[in-house]
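Chain and residue survey
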Amino acid sequence: MNTGPYTCLEIFAKENAALGSVRLLAENQAFIEKPAGKASYAWLKFNLQPYTEYQILCLSCDISLCYLSGNEDILETGVRYLEKNPKTGLLEETNPQAWYSHPARESYHFSPWKNWINDPNGLCWFQGYYHLFYQHNPHGQEWSNMYWGHAASPDLIHWTHLPLVLAPQEEILENPKSLKGGAFSGCAVAGEEEVTFYLTRHKGPQEDCPDTVEQQWMMKSRDMLHFTEETCVISQQPPGASFDFRDPKVQKIGDFWYMVLGSSMEGKGAILLYRSKDMQHWEYLHPLLTEEQAKIRCFECPDFMALDGSCLALGAWMEHTDSCGRYQMSRYYVGTWQEERFEKQQEGWFDFGGNCYAMQSFTHEGRRISIGWISDFYGEHTAYENGAYGSMTIPRELHIRNNRLYITPVREMELLRGRILYEGSEENLCLPQITGNAYRASIKFQKNTFFTVLLGKDGEKSLTLINDRDGLRLETRGVNSQGIRFQAEVPEVRELEIFVDRRTAEVYVNQGEAVGTKIFYSSSPDGCLELKAENPWDIAEAKVMLMYSIWH
Ligand code: FRU
């Protein structure tokens, strides 16, 4: 393995027999060896000579993730991942194109190199790059003690993977059987010269209970590659709030900084409001919002902002099942903000598809952009070797009009427009085999008409968008979510922007009136699109095009 411009090896190693270690060998140099972790994976870092041949030997240990870092233009190039060659047992560079070509891995939605991902964290734009941090288990395809992953993009579309940033607390890594937790969700506030991050540190027993401790911590960075030590800024929840007390989101409104936190108060889901003058000392004010709907364990990942002359609060309903059978939906609330009180006027679902959770937003050049985690609450994921479990929605632009939230894909999605597969009107269309299953379909109707759009089919399994007497909804067949109503809250359908990306479909309705995200796994690398309208002449315009991959 040649290091090229890279000067650091980061490798996560865990003993599989006594005295496991990682040994690094370079020609004419004494070897360097570091012990693997015992109870958990140890995050080992080796300094390397650039443009030098090395051999990495894993002695009695397992490796979960390994990459080269430390080059000057890493924001541009990203890290270089190394994987074990099954024949030689040596860690080698892999071909990323082949790596990303799997029917169950999106090609133009962000996903990690491998393993588990959940909430987007620390979204911001800083000195020329968009930054996306995320909840990550680098060691496996399931939720576990949390790290922060990190990626950067010059254009919101093409991302490079960067070194992991935060790890679970030492105490948790040493006692993974009795403790769980880590670096939970949080946000970034980007200034001109530095970025301030807020996040929750969670530590508690395997089963959440009042012994669980969630505290809010702060850290900073001036280059997004080096981060200061974290300091605790809020160590305890206010009286009446449950131990669920997490996911700080900070923004400035007027002269003050405001932090919202997800929690519950006296048994009701609540978003708590804090205030600060200096970003460091925080005083609790009151709940920004208390949800009267029963059976919500707490709000998670709340967001709050001034937008288009109104105020918008958002939050994810933990452990709640709605009347359509959808689990853990995210809610938005539009209202006014006066004397530090939020007065709700209107509310609705953030995403009707049931697979978008924990969305977070940030502003850049006047735009409010939001990204959500494409979750799998119905257990429909198919794991495969070295696969990723989880991904991020397309970046979405948020607006408020007539007290209602509008959500549209960011205009940068145009960068991914590929070959046109179909263009026409006033006829039904059937594309039974779309090579690569990564496409976008734009459909306009003269007036509301009944239709079905088949978005995925695999034997008896299917995903269909339906508009009929009962309104617009996504419907699955033959998979775990069959029977759940993924219903959109729109009175009629005039326009659809449909993004299908292998296991993920995102449907944008009527220029932002609603969006629905649904995952659907197909064993085939190819996809399909079939539009059947009751009155085909009501199809004013239909266009289907392939989408380029973001991993060039
Ligand atoms: C939401 C969430 C957050 C928490 C994080 C832990 O998906 O449960 O509330 O900070 O994930 O990974």
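Okay, so let's go over this structure. Quick caveat: nothing in here was measured; it's all calculated off a predicted structure.

Some points on the overall build of the chain
Helix and strand content of the chain: three helices and 42 strands. Whereas a compact globule of 552 residues would reach a radius of gyration of roughly 24 Å, the chain reaches 24 Å, a difference of no more than 12%. In terms of its C-alpha atoms, the chain occupies a principal-axis envelope of roughly 75 × 55 × 40 Å. Relative to its 552 residues, the chain shows a buried fraction of 61%. Total accessible area computed for the chain in this model is approximately 22,200 Å², and 47% of it derives from carbon and sulfur atoms. Between the mean site of the 51 positive side-chain charges and the mean site of the 74 negative ones, the chain shows a separation of 2 Å.

Notes on the site of the ligand
In the vicinity of the ligand, the contacting residues are Asn 118, Asp 119, Gln 135, Trp 143, Met 146, Phe 184, Ser 185, Arg 246, Asp 247, Glu 300, Tyr 357 and Trp 373. Interatomic distance of 3.1 Å between a side-chain N/O atom of Asn 118 and an oxygen atom of the ligand. A distance of 3.0 Å separates an oxygen atom of the ligand from a polar backbone atom of Ser 185. Protein contact buries 91% of the 320 Å² of open area that the ligand shows by itself. When residues of the shell around the ligand are traced back to their parent elements, those giving at least two are β9 (115-126), β13 (180-190) and β17 (246-253).

Thoughts on unusual backbone geometry
At Leu 156, a residue that is not glycine, the phi angle is positive and equals roughly 75°. The topology assignment puts Leu 156 in the loop between β11 (147-153) and β12 (160-166). Positive phi outside glycine occurs at Asn 510, with the angle close to 50°. Counting through the fold element by element, Asn 510 comes out in the loop between β39 (504-509) and β40 (514-519). On the accessibility criterion, Asn 510 (10% relative accessible area) is buried.

A look at the pattern of salt bridges
Summed over all chains, the structure comprises 39 salt bridges. Here Arg 297 ties to Asp 208 by a salt bridge, and the two come within 2.8 Å at their closest N and O atoms. Separated by 89 residues along the polypeptide, Arg 297 in the loop between β20 (283-290) and β21 (299-307) and Asp 208 in the loop between β14 (195-204) and β15 (213-221) bring together distant segments of the chain. Accessibility expressed as a relative area gives 21% for Arg 297, which makes it partly exposed. Residue Glu 475 is joined to Arg 477 by a salt bridge in which the shortest nitrogen-to-oxygen separation is 3.1 Å. Each of Lys 180, Asp 208, Glu 214, Asp 244, Arg 246, Arg 297, Glu 300 and Glu 319 takes part in a single network of salt bridges with overlapping partners.

Brief notes about the state of the cysteines
Per the counting criterion, the structure on display carries zero disulfides. No disulfide involves Cys 232; its sulfur sits 15 Å from the nearest other cysteine sulfur, which is in Cys 187. Left unpaired, Cys 298 is separated from the closest cysteine sulfur, that of Cys 301, by 9.4 Å.

Here's the deal with the sheet that holds β9
Read across the sheet, five strands follow the order β12-β11-β10-β9-β27 without closing on themselves; strand pairing throughout is mixed. At either margin of the open sheet sits one strand with a lone partner, and together these are β12 and β27 (388-389).

Section: the environment of Ile 420
Tracing the chain through its elements places Ile 420 in strand β31 (residues 417-424). C-alpha of Ile 420 to C-alpha of Ile 296: the two residues are 124 residues apart in sequence and 45 Å apart in space. What Ile 420 contacts, discounting residues up to four positions off in sequence, is Lys 543, Val 544 and Met 545.

Here's the deal with the environment of Gln 487
Position of Gln 487 among the secondary structure elements: in strand β37 (residues 486-487). Here Gln 487 falls in the buried class, since its relative accessible area comes to 14%. With 198 residues separating them along the chain, Gln 487 and Leu 289 place their C-alpha atoms 25 Å apart. When residues no more than four places from it in sequence are discounted, the contact partners of Gln 487 are Cys 324, Arg 326, Phe 352, Asp 470, Gly 471, Leu 472 and Arg 473. There is a polar contact of 2.5 Å between the side chain of Gln 487 and the side chain of Arg 485.

Points about the pairing of strand β10 (residues 129-137)
The side chains of a regular strand alternate, first on one face of the sheet and then on the other. Within β10, nine of the nine residues are buried, leaving the element largely enclosed by the surrounding structure. Residues Tyr 129, His 131, Phe 133, Gln 135 and Asn 137 line one face of β10 and the alternating positions Tyr 130, Leu 132, Tyr 134 and His 136 line the opposite face, and both faces are buried. Pairing of β9 with β10, which is carried by seven bridges, proceeds in the antiparallel orientation. The partner of Trp 125 across the bridge, within β10, is Tyr 130. The hairpin turn running from β9 into β10, its antiparallel successor, is two residues long, and Gln 127 in that turn takes a positive phi close to 45°. Here seven bridges tie β10 to β11, and the two strands are oriented antiparallel to one another. Looking across to β11, one finds that Leu 132 is bridged to Ala 151.

Examining the sheet that holds strand β16 (residues 231-234)
Taken together, the four strands give an open sheet; going across it, the order is β13-β14-β15-β16, and neighbouring strands pair in antiparallel fashion. Each of the sheet's edge strands pairs with one partner strand only, and the pair in question is β13 and β16. Geometrically, the sheet is characterised by an average inter-axis angle of 35° between neighbouring strands, direction not taken into account. In this sheet, β14 lies alongside β13 in antiparallel orientation, the contact comprising nine bridges.

Cut-off values and rules
Residues numbered from 1 in each chain as written. Predicted model: local features only at pLDDT ≥ 70, side-chain atom pairs only at ≥ 80, totals over all residues. Heavy atoms only, no water. Helix = DSSP H or I, 4+ residues; strand = E, 2+ residues; numbered from the N terminus. Rg over C-alpha atoms; globule rule 2.2 N^0.38 Å. Buried < 20%, exposed > 50% of the residue type's maximum accessible area, 1.4 Å probe, protein only. Areas by Shrake-Rupley, 256 points an atom, 1.4 Å probe, with all protein chains shown as cover. Lys, Arg positive; Asp, Glu negative; His and termini not counted. Charge placed at Lys NZ, Arg CZ, Asp CG, Glu CD. Near = heavy atom within 4 Å. Polar contact = N/O pair within 3.5 Å; in protein donor to acceptor, adjacent residues only side chain to side chain. Salt bridge = Lys/Arg side-chain N within 4 Å of Asp/Glu carboxyl O. Disulfide = S-S within 2.5 Å. Pairing = 2+ DSSP bridges. Contact = heavy atoms within 4.5 Å. Axes fitted to C-alpha atoms, helices over the stretch in contact; angles between N-to-C directions.

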